[in-house]
Amino acid sequence: MGREVFKLSGIVVLSSITFIILMGASYLIYKKYPYRQQLTYLPSGMVLLASFLMIFVSFDLSRFDGMNASAMAVAVGLASLLAFMCSPLIDYFLRYKQH
């Protein structure tokens, strides 16, 4: 990270990519273990914990680097929280699509 401020478009792209990757990982876990729905929450939960840790680490960095790191951590945290809430939709659509 340099001295430039992390742009809003970068935050949106980071959030979108994180959401897509987490939903894809949850889908793959659901396909591999269809009756263990608790495992679909694992990727989102781990990334959410990592974003919390990244926020705490950003306090030790300098001004702009810390703000950039905290902005990225918030973006990743919000995307993982959204994926965490959308994970039951995978179960709903795949299980009740057959009926």
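Data block above holds the structure.
What counts as what
Residues numbered from 1 in each chain as written. Predicted model: local features only at pLDDT ≥ 70, side-chain atom pairs only at ≥ 80, totals over all residues. Heavy atoms only, no water. Helix = DSSP H or I, 4+ residues; strand = E, 2+ residues; numbered from the N terminus. Rg over C-alpha atoms; globule rule 2.2 N^0.38 Å. Contact = heavy atoms within 4.5 Å. Areas by Shrake-Rupley, 256 points an atom, 1.4 Å probe, with all protein chains shown as cover. Lys, Arg positive; Asp, Glu negative; His and termini not counted. Charge placed at Lys NZ, Arg CZ, Asp CG, Glu CD. Phe/Tyr/Trp six-rings, centres within 6.5 Å; stacked < 30°, edge-to-face > 60°. Buried < 20%, exposed > 50% of the residue type's maximum accessible area, 1.4 Å probe, protein only. Patch = residues over 30% accessible without salt bridge, like charges linked within 9 Å, V, L, I, M, F, W, Y side chains within 5 Å. Salt bridge = Lys/Arg side-chain N within 4 Å of Asp/Glu carboxyl O. Core = buried A, V, L, I, M, F, W, Y, C linked by side-chain atoms within 4.5 Å. Axes fitted to C-alpha atoms, helices over the stretch in contact; angles between N-to-C directions. Nonpolar A, V, L, I, M, F, W, Y, C, P; charged D, E, K, R; others polar. Left-handed = near helix turned anticlockwise from the far one by under 90°.

**Student:** Please explain the overall build of the chain as it appears in this structure.
**Tutor:** In terms of helices and strands, the chain carries three helices and zero strands. Here the C-alpha radius of gyration of the chain, 16 Å, is well above what a compact globule of 99 residues would show, namely 13 Å. Within the chain, counting contacts between residues at least 6 apart in sequence, those at least 24 apart form 74% of the total. Here the chain displays about 6,900 Å² of accessible surface, and carbon together with sulfur accounts for 73% of that area. Charge centroids of the chain, computed over 8 positive and 4 negative side chains, lie 14 Å from each other.

**Student:** Mind showing me how you'd approach the packing of aromatic side chains here?
**Tutor:** Centre distance and the angle of the planes are the two values used to describe a pair of aromatic rings. Applying the stated rule across the entire model yields two aromatic pairs. Measuring from ring centre to ring centre gives 5.2 Å for Tyr-41 and Phe-84, while their planes differ by 50°; the resulting arrangement is tilted. In this pair, Tyr-41 is assigned in the loop between α1 (8–32) and α2 (42–58) and Phe-84 in helix α3 (residues 63–96), connecting sequence segments 43 residues apart. Under the relative-accessibility criterion, Tyr-41 is labelled partly exposed at 25%.

**Student:** How should I be thinking about a nonpolar patch on the surface in this particular structure?
**Tutor:** Taken together, the side chains of Leu-42, Met-46, Leu-49, Phe-52, Leu-53, Phe-56 and Phe-59 define a hydrophobic patch exposed on the protein surface, amounting to about 800 Å² of accessible area. Considering the arrangement of structural elements, one finds Phe-59 in the loop between α2 and α3.

**Student:** What should I look at first to understand the nonpolar core in this one?
**Tutor:** Soluble, globular proteins show a tendency: their nonpolar side chains are buried together. One finds Leu-22, Met-23, Tyr-30, Ala-83, Cys-86, Ile-90 and Leu-94 forming the largest nonpolar core, which totals seven residues. In terms of residue count, the dominant contributor to this core is α3 (four residues). Other than its neighbours up to four places away in sequence, Cys-86 contacts Phe-19 and Met-23.

**Student:** Any chance you could explain the packing of α1 against α2 here in plain terms?
**Tutor:** Describing two packed helices takes the angle between their axes plus the distance from one axis to the other. It is the contact of α1 with α2, at a shortest axis distance of 8 Å, that shows an interaxial angle of 145°. Taking contact as the criterion, the partners of Thr-18, Leu-22, Ala-25, Ser-26 and Ile-29 in α1 are, on α2, Pro-43, Ser-44 and Val-47. Of the residues assigned to the contact of α1 with α2, the class counts are five nonpolar, three polar and no charged.

**Student:** Would you take a moment to explain the packing of α1 against α3 for this structure?
**Tutor:** The geometry of α1 relative to α3 is characterised by a closest axis approach of 8 Å and an angle of 35° between their N-to-C directions. With respect to the hand of their crossing, α1 and α3 are arranged in right-handed fashion. For the contact of α1 with α3, the class distribution of residues is 17 nonpolar, five polar and two charged.

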